[in-house]
Amino acid sequence: MEDKKSIKPHNLIMENREKLTLTGVIDIHSFDDELVLVETNMGILTIKGNDLKMNKLNLDNNELVVEGKIAALVYSEGEIGKKGGMFGKIFK
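Scoring rules and cut-offs
Residues numbered from 1 in each chain as written. Predicted model: local features only at pLDDT ≥ 70, side-chain atom pairs only at ≥ 80, totals over all residues. Heavy atoms only, no water. Buried < 20%, exposed > 50% of the residue type's maximum accessible area, 1.4 Å probe, protein only. Helix = DSSP H or I, 4+ residues; strand = E, 2+ residues; numbered from the N terminus. Pairing = 2+ DSSP bridges. pLDDT = per-residue confidence, 0-100. Contact = heavy atoms within 4.5 Å.

Visitor: Requested: an account of the pairing of strand β2 (residues 19-23), with residues and values cited.
Guide: Burial of the side chains of β2 is restricted to one face: Leu20 and Leu22 are buried, whereas none of Lys19, Thr21 and Thr23 on the reverse face is. In this sheet, β2 lies alongside strand β1 (residues 12-15) in antiparallel orientation, the contact comprising four bridges. Bridging across to β2, Leu12 finds its partner in Leu22. Counted along the chain from β1 to the antiparallel partner β2, the turn is three residues long, and its residue Asn16 has a positive phi close to 55 degrees.

Visitor: Describe the confidence of the model for the chain, with residues and values.
Guide: In the predicted model, the chain carries a mean pLDDT of 85, and 76% of its residues have values of at least 70. Predicted confidence for residues 83-89 stays below pLDDT 50, and this span has ten contacts to residues more than four positions away or in other chains.

If you want it as structure tokens, here you go:
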């Protein structure tokens, strides 16, 4: 089990469903104007919406800012593309 002191903070700040600021970002797996798949230190985060734009990405500081009309935020466990997992079925 990972020591709690070694886990970097993961925060979400959403402003008026138009701007989402994330910390604890490890990697961006997919990005388009309707769907963003972000690997965070707390799991895979799926961001759905319209006219989504990556306004800021700084993987050195584990930060991401997404702007647009945000409709849903969903966390899932596991790895993207892992056979048998939810994302493995989506991205066959």
